[in-house]
Amino acid sequence: QVQVVESGGGVVQPGGSLRLSCVASGNTFSLYVMRWYRQAPGRQRELVAGITTAAITNYADSVKDRFTISRDNAKNTVYLQMNSLKPEDTAVYYCNAARVELPITSNWGQGTQVTVSS
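Residues numbered from 1 in each chain as written. Predicted model: local features only at pLDDT ≥ 70, side-chain atom pairs only at ≥ 80, totals over all residues. Heavy atoms only, no water.

**Q** Help me understand the state of the cysteines in this model?
**A** Note: disulfide means a covalent bond formed between the sulfur atoms of two cysteine side chains. The final tally for this structure, using the stated rule, is one disulfide. Two residues share a disulfide in this structure: C22 and C95, whose sulfurs sit 2.1 Å from each other. Taking the sign of the S-S torsion, about -80° here, the bridge from C22 to C95 comes out left-handed. A residue pair is termed long-range when its members are at least 10 positions apart, and C22 in strand β3 (residues 18-24) and C95 in strand β9 (residues 91-99) qualify at 73 residues. With respect to burial, C22 and C95 carry one shared label: buried. (Disulfide = S-S within 2.5 Å. Helix = DSSP H or I, 4+ residues; strand = E, 2+ residues; numbered from the N terminus. Buried < 20%, exposed > 50% of the residue type's maximum accessible area, 1.4 Å probe, protein only.)

Now the structure itself:
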């Protein structure tokens, strides 16, 4: 199964920006729908953004026009560019890789902490 590793989290002031990266192992990255989720303390994990194998994107309403998801299949990497960050964006951000061909699999990374605070 593919393994994914996130990076790029940190502490940023409100209004600032961060770019998260998620690198996947293996040589079938193009067969995976990639998604970013986040989980804040005491809350359920929620979908932030997704990108299909055809690079079609979708976003949670709370991050539209502020976050951008993209993928580079040559680098087995998906990115989440986060602009105009707000304190409510504070969470652990997780990358998920969902294979669209058999065998269907879903793999999670360990998460990266994003803290938005002045």
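Back to the text.
**Q** Honestly, unusual backbone geometry in this entry has me stumped. Any pointers?
**A** Outside of glycine, negative phi angles account for most residues, and trans bonds account for most peptide bonds. Across the junction of L102 and P103, the peptide omega takes the value -5°, indicating a cis bond. Residue placement: P103 occurs in the loop between β9 and β10 (106-108). The residue D65 is not glycine, and still its phi comes out positive at about 75°. You can see D65 is positioned in the loop between β6 (57-59) and β7 (67-72). For S84, which is not a glycine, the phi torsion comes out positive at approximately 50°. Position of S84 among the secondary structure elements: in the loop between β8 (77-82) and β9.

**Q** I would appreciate a short explanation of the pattern of salt bridges in the present structure.
**A** If charged atoms from side chains of opposite charge come close, those side chains can pair. Taken as a whole and judged by the stated rule, the model has four salt bridges. Here E46 makes a salt bridge to R38, at a shortest N to O gap of 2.7 Å. A relative accessible area of 28% places E46 in the partly exposed class. Each of R38, E46, R66 and D89 takes part in one network of salt bridges that share partners. (Salt bridge = Lys/Arg side-chain N within 4 Å of Asp/Glu carboxyl O.)

**Q** Would you explain the sheet that holds β3 in this entry?
**A** Strand pairs in the sheet, formed through backbone hydrogen bonds, run parallel or antiparallel to each other. Pairing within the open sheet is antiparallel, and its four strands lie in the order β1-β3-β8-β7. Of all the strands in the sheet, just β1 (4-7) and β7 have a single pairing partner and so form its edges. Sheet twist, expressed as the average angle between the axes of neighbouring strands with direction ignored, equals 15°. Where β7 meets β8, six bridges bridge the pair, whose relative direction is antiparallel. Counted as the bridge partner of R71 is V78 from β8. (Pairing = 2+ DSSP bridges. Axes fitted to C-alpha atoms, helices over the stretch in contact; angles between N-to-C directions.)

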